[in-house]
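# Chain and residue survey
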There are 6 protein chains.
Amino acid sequence: MPYVNIRVAGTLSKDQKRNICKGVTDVISKESGKPPEAILIFIDEVEHENIAKGGTLLTPPR
Amino acid sequence: MPYVNIRVAGTLSKDQKRNICKGVTDVISKESGKPPEAILIFIDEVEHENIAKGGTLLTPPR
Amino acid sequence: MPYVNIRVAGTLSKDQKRNICKGVTDVISKESGKPPEAILIFIDEVEHENIAKGGTLLTPPR
Amino acid sequence: MPYVNIRVAGTLSKDQKRNICKGVTDVISKESGKPPEAILIFIDEVEHENIAKGGTLLTPPR
Amino acid sequence: MPYVNIRVAGTLSKDQKRNICKGVTDVISKESGKPPEAILIFIDEVEHENIAKGGTLLTPPR
Amino acid sequence: MPYVNIRVAGTLSKDQKRNICKGVTDVISKESGKPPEAILIFIDEVEHENIAKGGTLLTPPR
């Protein structure tokens, strides 16, 4: 019953989400032996100013 | 000091949130013996296209 | 496809887990209209010394 | 490789986010001995009506 | 700065963890265009009795 | 009602946990104006082999 949470800075296109979810599910299913249907993925698209690295807020790419 | 995170696809009405939080708090308080005031719940309403099951993005209900 | 994460201080008996998961699933299913089978719950039992409230670590009950 | 998630009710100004991330990174780096660059923080700004305490939804401050 | 959390029922071997982290990082890097070094993954191995589906605790495979 | 989750590789001493929780609570309380008592922190100590950066599992320091 794997649960996966992917948090990214900024947004993804629907195609990117589709490909990431397909690819991540394939990898985890193949390696863990769990059926793909059991794998649940949540993507969080987080604004750059809500993420910090090294104590500094990220800035969005221009 | 129970912390609960509930992630749902799509949105909930304020009444649904109210009833879910009341009901979940009652269940956990009764079973664990912790006072209701100690129970903190966060609800995340997540877009269908940000959730995948079996490697496929959810589609919103029509 | 609701996902629920419940984090508690200390441990729960298997009966407490069973009753909490049954009760929480019932509440969310009834209020949200999602089938119970779609509801996935993860319980995290966290040591008291890994939780702080008001800046002070919890102490386990004697 | 510390990961920190801070969830608050309502919104924060960019200055509040900047100061919180700077301060939290300093504290964790100093105490754990990890370099600041290794510390990743995600802030979630959550609507009051999506948070409950004691089974009751929060109300936003007027 | 993608952050990934993978929660599985039971345990994984070190090889399974290695392959899952390699594969998931490759997929996300390729699709999102972020460099692999920016991708941080945390795996949580959760006991079966701490996970419920449909309101019923999982039972470990024999 | 801020909720904070801090995930670190390896373990922390009780003094490190105490100082981190005190310091993080002070920073967030001061910047956000929320009373310290409202701030709840959970620390997760995660084994190195359950964390990956750049697709490679961390190795514990010798």
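Above this text sits the structure in question.
Quick look at the structure, then. No experiment lies behind these values; they were computed from the predicted model shown.

## Things to note about empty space enclosed by the protein
Taken as a whole and assessed by the stated rule, the structure comprises 1 cavity of 30 Å³ or more. The calculated volume of the largest cavity comes to roughly 370 Å³. In terms of lining residues, the largest cavity is bounded by 24 residues, among which B:Asn5, C:Asn5, D:Asn5, E:Asn5 and F:Asn5 are the most central. Breaking the lining of the largest cavity down by element, the ones donating at least two residues are strand S1 (3-9) of chain A, strand S1 (3-9) of chain B, strand S1 (3-9) of chain C, strand S1 (3-9) of chain D, strand S1 (3-9) of chain E together with strand S1 (3-9) of chain F. When the residues that make up the lining of the largest cavity are grouped by side-chain class, the tally is 6 nonpolar, 6 polar and 12 charged.

## Section: the relation of the copies chain E and chain A
Overlay of chain E on chain A (RMSD 0.0 Å): rotation 180°, translation along the axis 0.0 Å. This pairing of chains is accounted for by a two-fold axis. Same-surface contact between copies: 100% of interface residues of chain E are shared with the interface of chain A.

## Details of the packing of helix H1 (residues 14-32) of chain A against helix H1 (residues 14-32) of chain E
As a packed pair, H1(A) and H1(E) sit with axes 9 Å apart at the nearest point and diverge in direction by 165°. With respect to H1(E), the axis of H1(A) lies roughly antiparallel. The interaxial crossing formed by H1(A) with H1(E) has right-handed handedness. Here A:Gln16, A:Asn19, A:Ile20, A:Gly23, A:Val24, A:Val27, A:Ile28, A:Glu31 and A:Ser32 of H1(A) come into contact with H1(E), specifically with E:Gln16, E:Asn19, E:Ile20, E:Gly23, E:Val24, E:Val27, E:Ile28, E:Glu31 and E:Ser32. Its residues assigned to classes, the contact of H1(A) with H1(E) shows 8 nonpolar, 8 polar and 2 charged.

Procedures and definitions
- Residues numbered from 1 in each chain as written.
- Chains lettered and ligands numbered in written order.
- Predicted model: local features only at pLDDT ≥ 70, side-chain atom pairs only at ≥ 80, totals over all residues.
- Heavy atoms only, no water.
- 1 Å grid on protein atoms, 1.4 Å probe; cavity = no way out; pocket = protein on both sides within 12 Å on 5 of 7 lines; lining within 4 Å.
- Points joined across faces, edges and corners; volume = space filled by probe spheres on them.
- Helix = DSSP H or I, 4+ residues; strand = E, 2+ residues; numbered from the N terminus.
- Nonpolar A, V, L, I, M, F, W, Y, C, P; charged D, E, K, R; others polar.
- Least-squares fit on C-alpha atoms with pLDDT ≥ 70 in both.
- Contact = heavy atoms within 4.5 Å.
- Axes fitted to C-alpha atoms, helices over the stretch in contact; angles between N-to-C directions.
- Parallel < 35°, antiparallel > 145°, perpendicular 65-115°, else oblique.
- Left-handed = near helix turned anticlockwise from the far one by under 90°.

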